[in-house]
Amino acid sequence: MKASELSCGTGVPSGIGACESSAPAYSGISRRRFLQGSAGLSFALALGAAPSGGSAKEGAGIGAGISAWVRIDAAGVVTIYNPVAEMGQGSSTALPLIVAEEMDADWDKVAIAYSPIEPDIYGHDAIHGRMMMLTVGSFSVEAYFDRLRIAGAQVRHVLLVNAAEQLGVALASLSTTPGAVLHPASGRRLGYGEIAQHAKVPQALPEAQELRLKPVGEFRLIGKSILRRDLRGKVDGSAEFAIDVDLPGMQFGMIQRAPVAGSSPLAFNREVIAALPDISAVIPLDHGVGIVGKNLPAVMKARQQLQVEWSKDAPAEKFDSDTAFEHYASEAAKGDAPVKRVDSKGDIAAADASAAAIYRADYLNDFVYHAQMEPLNAVAALSGDVPRAELWIGSQFPSGLRAEVATLLGIDIAKVTIHARYLGGGFGRRSWHDFGLEAVQLAQQAKVPVKLVWSREDDIRNGMFRPMSLQRMEAGVDADGNITGWRHRVVGDNASIVATGAKIPFYAIPNQAIDLLEMRSGMKTKHWRSVGYAPNKFAIESFIDEIATARKEDPYQLRRKLLRDSPRALKVLDEAVDMSPYGKETAPGRALGLAFSEHQKSLTAGVVEISLVEDTARIRVHRVWLAVDAGIIVQPDNAIAQMEGAIIQGISSALLETVSVKSGAVHQSNFGDYEILRMADTPEIAIRMIASEAPPTGIGEIGLPFTGPAIANAFAALTGKRLRHMPFNSSNIKLAMLDDGGAV
Amino acid sequence: MIEFTINGQATVFKGDPETPLLWVIRDSAGLKGTKFGCGVGQCGACSVHLSGNLTRSCLIPASAAAGMSVVTIEGIEGIAGRAVQAAWIEESVPQCGYCQSGMIMAAVDLLHRNPTPTDADINRAMTNLCRCGTYGRVRAAIHRAAAAGGQAS
């Protein structure tokens, strides 16, 4: 398998350029010209292999670059460029599928290749308003859907125009069938490959409004059961992750990073390490000591003998997770706390003044680790006096990484090549550049290509975590039982992470004050699947149930009342209750809990069924029901798989996962003391995707945030006690069981 | 010098005999389907069959493989292996895919020992970690492979 290949269609003949390599993604077209062509278009227009419009035949097998997204060779193999990272979420199939749908490609003759790292062409601006190649936030299908439909339709248009000319018939007399243009009147048929051989690409492609996009009812790929292209390699061991890349002359590197984030090595036994067998370089870095050697076990062994004296002045040295919540709570209570507004509505002071009852509760969330199964790693090779850098990596943010490598080396970005590889899990961890830049630094210092590998212990002890947080909730209810005031103060590290999901855009509560009090622990924090939604929905959805219980209202009916302004949200809630036994029947020793959550534009409501294993004080989740509205679903089975995965990860984090910190150092070190959910604890899961013709929205994270509060609500139904500290491990369960229950 | 076979091929390893078998498979034999996940036998990503026994190769020194036969994901042959891989595709099991070689090695081992496992059998045998949460599909695929009676579709 060639390095740049992602996958070929089953019907794609081997040995054909388009399928073997994506390297010359737009061969014969200068980058400048390429970029010029992008002005005013939703995708860059590339010219054919013969810009004058003449024959492209000299490049048989090179293919006609009809657009930045598509190349068609003489045999009719259609190469579609995928701009996003593949970390198991399925987007590397979903995005090409959208193009193939509108251009009427024969899916069996579609090959998928990674696009070059050219954000101006292949990026999206859904997150920061400027073009980036950044696979995060469940945005891929949502951000690219319209553009790729238009791109596909433009390619179809070009093929039709050329076919009309080649056949000498009117454009309007032609139609397409998968992989070919038809002239029904004469029965003639031209395959896309035949057309592409002699195709001329017009200077200006038709604008979106001039194109006919397929109505939803005409889709034959979108919404159907199409096998993900990355699956076969993932069952026979051939799928290539960055850790699997070998280069000639490559050596192996590891880094002993400071146990406390922000510390630096002051002194270390360099000579001892350098003299060990198979060790070729010992490299001081700002944040640690790198060791490069001829094989990884030798480097691991050498690292065990490394002795480093670390600086002791990092802010995190003063941080203990044990005592942090007390600090957070006292800071949150200060009248002059320097809060940032997250959302506000109405007049919260007036709501307070007129409330018949006020309810309050605090909810706590620990640090959580990504635990992606492939430890962080990257392979870097530098060459030349004015270095060129090549990096093989599984990155969620290759365009940012490329720029960072150029800056680090002081070279032009054109001299940096990023070779995308499958990600053995991302979950937000791989959208930061640290591990890629480390590999470049080691390769630069050791003067050989280097494969940098983090051990699992490195991955945890030097992890970047979902921030621990405190959610302080307060709600005012009027004499008629309506929630009229809602205060939510989020306290924790990292303003860009910790308050996401704290808004309640679907709940009809007229007066709201949602704010953030940012803490600075000195710990490294990072986006983690659904970012702040899981901790914030834990607080919000638990609190809703607590209010309902205190007022002897049905939690489902209370949510119906709050969601009354959104028919979409009401439908999701009703479907979840309809598909589950919620409010109908409960098995002995078990209880059900309900929660609602939006994640950006997608909606869910879910029900869990739990029991409590009393002697070990552990919760078992038996069954889960989830209703989802994420608009048009491009790959239905994949969307269900994403829900299943998010539910498992959500339950895992809600029941088991905690990172504890003492004087800035992480206590946990491997899966023995950082447990994640296993097969034996996996519940039965039922998913209902709600049929929709609305534009697609994210599916990667929406299945996660409801899990924590649904479990806590089920626990309250089972025991009458409230879990207000996630994870619900045995010590937190035991504490909750001792509580008098009088929270609100 | 340690001699053994990997997927039927005679192999000689001349490095440090304490080298974990995982790295011999990956970096000396160049078979990358067997993965490094934790290095302490917790996650199962490195699972192989060592003379017919399911083994976490990160825990075994190369010296322990002397004279034995190692089978990796690239070498699973026989009807059970093909039936499991076919079932894995039918159920669309993998997400990121990193743990799946180990999952499949464990499943093939389970079906060799127990051609019709119950859910409880699967729970006991399948202790590999999957962060993407594919467990439900792994279970379904094992039942499917078992129902196929070891016949690859």
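From a predicted model like this one, the values you see are computed outputs, not experimental measurements.

Cut-offs used in this document
- Residues numbered from 1 in each chain as written.
- Chains lettered and ligands numbered in written order.
- Predicted model: local features only at pLDDT ≥ 70, side-chain atom pairs only at ≥ 80, totals over all residues.
- Heavy atoms only, no water.
- Helix = DSSP H or I, 4+ residues; strand = E, 2+ residues; numbered from the N terminus.
- Rg over C-alpha atoms; globule rule 2.2 N^0.38 Å.
- Buried < 20%, exposed > 50% of the residue type's maximum accessible area, 1.4 Å probe, protein only.
- Contact = heavy atoms within 4.5 Å.
- Areas by Shrake-Rupley, 256 points an atom, 1.4 Å probe, with all protein chains shown as cover.
- Lys, Arg positive; Asp, Glu negative; His and termini not counted.
- Charge placed at Lys NZ, Arg CZ, Asp CG, Glu CD.
- Pairing = 2+ DSSP bridges.
- Axes fitted to C-alpha atoms, helices over the stretch in contact; angles between N-to-C directions.
- Buried area = accessible area lost by both parts, 1.4 Å probe.
- Salt bridge = Lys/Arg side-chain N within 4 Å of Asp/Glu carboxyl O.
- Nonpolar A, V, L, I, M, F, W, Y, C, P; charged D, E, K, R; others polar.
- Parallel < 35°, antiparallel > 145°, perpendicular 65-115°, else oblique.
- Left-handed = near helix turned anticlockwise from the far one by under 90°.
- Phe/Tyr/Trp six-rings, centres within 6.5 Å; stacked < 30°, edge-to-face > 60°.
- Lys NZ or Arg CZ within 6 Å of the ring centre and 35° of its normal.

### Here we look at the overall build of chain A
Okay, step 1: Helix and strand counts for chain A come out as 21 helices and 29 strands.
Okay, step 2: The C-alpha atoms of chain A give 28 Å as radius of gyration, which agrees with the globular expectation for 744 residues (27 Å, within 12%).
Okay, step 3: With the C-alpha coordinates aligned to their principal axes, the bounding extent of chain A is approximately 85 × 75 × 45 Å.
Okay, step 4: Within the span of chain A, comprising 744 residues, buried residues form 62% of the whole.
Okay, step 5: Sequence-distant contacts in chain A: of pairs separated by 6 or more residues, those separated by 24 or more amount to 74%.
Okay, step 6: Carbon and sulfur atoms make up 51% of the accessible area of chain A, which totals about 26,900 Å².
Okay, step 7: Between the averaged position of the 75 positive side-chain charges in chain A and that of its 83 negative side-chain charges there is a distance of 2 Å.

### What to know about the sheet that holds strand β7 (residues 180-183) of chain A
Residues and elements named next belong to chain A.
Okay, step 1: Ordered by their spatial adjacency, three strands build an open sheet running β6-β7-β8, and the pairing between neighbours is antiparallel. Each edge of the open sheet carries a strand with a single partner, namely β6 (175-177) and β8 (188-191). The sheet shows a mean angle of 30° between the axes of neighbouring strands, taken without regard to direction.

### Section: the interface of chain B and chain A
Okay, step 1: Each partner contributes residues to the interface: chain B has 45 residues there, and chain A has 59 residues.
Okay, step 2: Roughly 4,000 Å² is buried in total at the junction of chain B and chain A, and carbon and sulfur atoms are behind 59% of that figure.
Okay, step 3: The salt bridge partner of lysine 301 of chain A is aspartate 16 of chain B, with a shortest N-O separation of 2.6 Å.
Okay, step 4: Secondary structure elements with two or more residues in the side of chain B that touches chain A: α1 (21-28), α2 (78-90), α3 (100-113), α4 (119-125) and α5 (135-147) of chain B.
Okay, step 5: Here the side of chain B that touches chain A gets five residues from one element, more than from any other, and that element is α5 of chain B.
Okay, step 6: Residues that form the side of chain B that touches chain A fall into these classes: 21 nonpolar, 14 polar and 10 charged.

### Quick word on the pattern of salt bridges
Residues and elements named next belong to chain A.
Okay, step 1: Scanning the entire structure with this criterion turns up 53 salt bridges over all chains.
Okay, step 2: Of the charged contacts in the structure, one is a salt bridge between glutamate 518 and arginine 520, with a shortest N-O distance of 3.6 Å.
Okay, step 3: Two residues, arginine 559 and glutamate 541, come together in a salt bridge whose shortest N-O distance is 2.7 Å. Of this pair, arginine 559 sits in helix α17 (residues 555-562) while glutamate 541 sits in helix α16 (residues 533-550); the two residues are 18 residues apart in sequence, bridging distant segments of the chain.
Okay, step 4: The class for arginine 559 is buried, based on a relative accessible area of 0%.

### A look at the packing of α2 of chain B against α5 of chain B
Residues and elements named next belong to chain B.
Okay, step 1: With their axes 8 Å apart at the nearest point, α2 and α5 run at an angle of 130° to one another. With respect to their mutual orientation, α2 and α5 come out oblique. Regarding α2 and α5, the two cross each other, and that crossing is right-handed. Judged by residue contacts, Ala83, Val84, Ala87, Trp88 and Glu90 of α2 engage Val138, Ala141, Ile142, Arg144 and Ala145 from α5.

### A word on the sheet that holds strand β24 (residues 602-613) of chain A
Residues and elements named next belong to chain A.
Okay, step 1: Taken in spatial order, the four strands line up as β23-β24-β25-β28 in an open sheet, and their pairing is mixed. Where the open sheet ends on each side, the last strands, each with one partner, are β23 (591-599) and β28 (684-689). Neighbour-to-neighbour, the strand axes of the sheet open up by a mean angle of 20°, direction not taken into account.
Okay, step 2: In this structure, β24 lies alongside strand β25 (residues 618-629), joined through 11 bridges in antiparallel fashion. Among the inter-strand pairings, alanine 605 is bridged to a residue of β25, identified as alanine 627.
Okay, step 3: Its contacts with the sheet place helix α19 (residues 636-655) against β25 and β28, and it is angled at close to 130° to β28.

### Structural notes on the packing of aromatic side chains
All names here are of chain A.
Okay, step 1: Scanning all chains against the criterion turns up 16 aromatic pairs over all chains.
Okay, step 2: Where tyrosine 363 meets phenylalanine 543, the ring centres are 6.5 Å apart and the plane angle is 70°; that geometry is what we call edge-to-face. Here phenylalanine 543 lies in helix α16 and tyrosine 363 lies in strand β15 (residues 357-365), a separation of 180 residues in the sequence. Assigned by exposure class, tyrosine 363 and phenylalanine 543 land together as buried.
Okay, step 3: A ring pair is formed by tyrosine 507 and phenylalanine 596, whose centres lie 5.8 Å apart and whose planes are at 45°; its orientation type is tilted. With tyrosine 507 in the loop between α15 (495-498) and β22 (511-519) and phenylalanine 596 in strand β23, this pair connects stretches of sequence that are 89 residues apart. For the pair shown, tyrosine 507 and phenylalanine 596 are each scored as buried.
Okay, step 4: By way of ring pairs, the aromatic residues Phe319, Phe367, Tyr369, Phe465 and Tyr674 are connected into one cluster.
Okay, step 5: One residue, arginine 229, lies across the ring of tryptophan 107, its end atom 4.4 Å from the ring centre.

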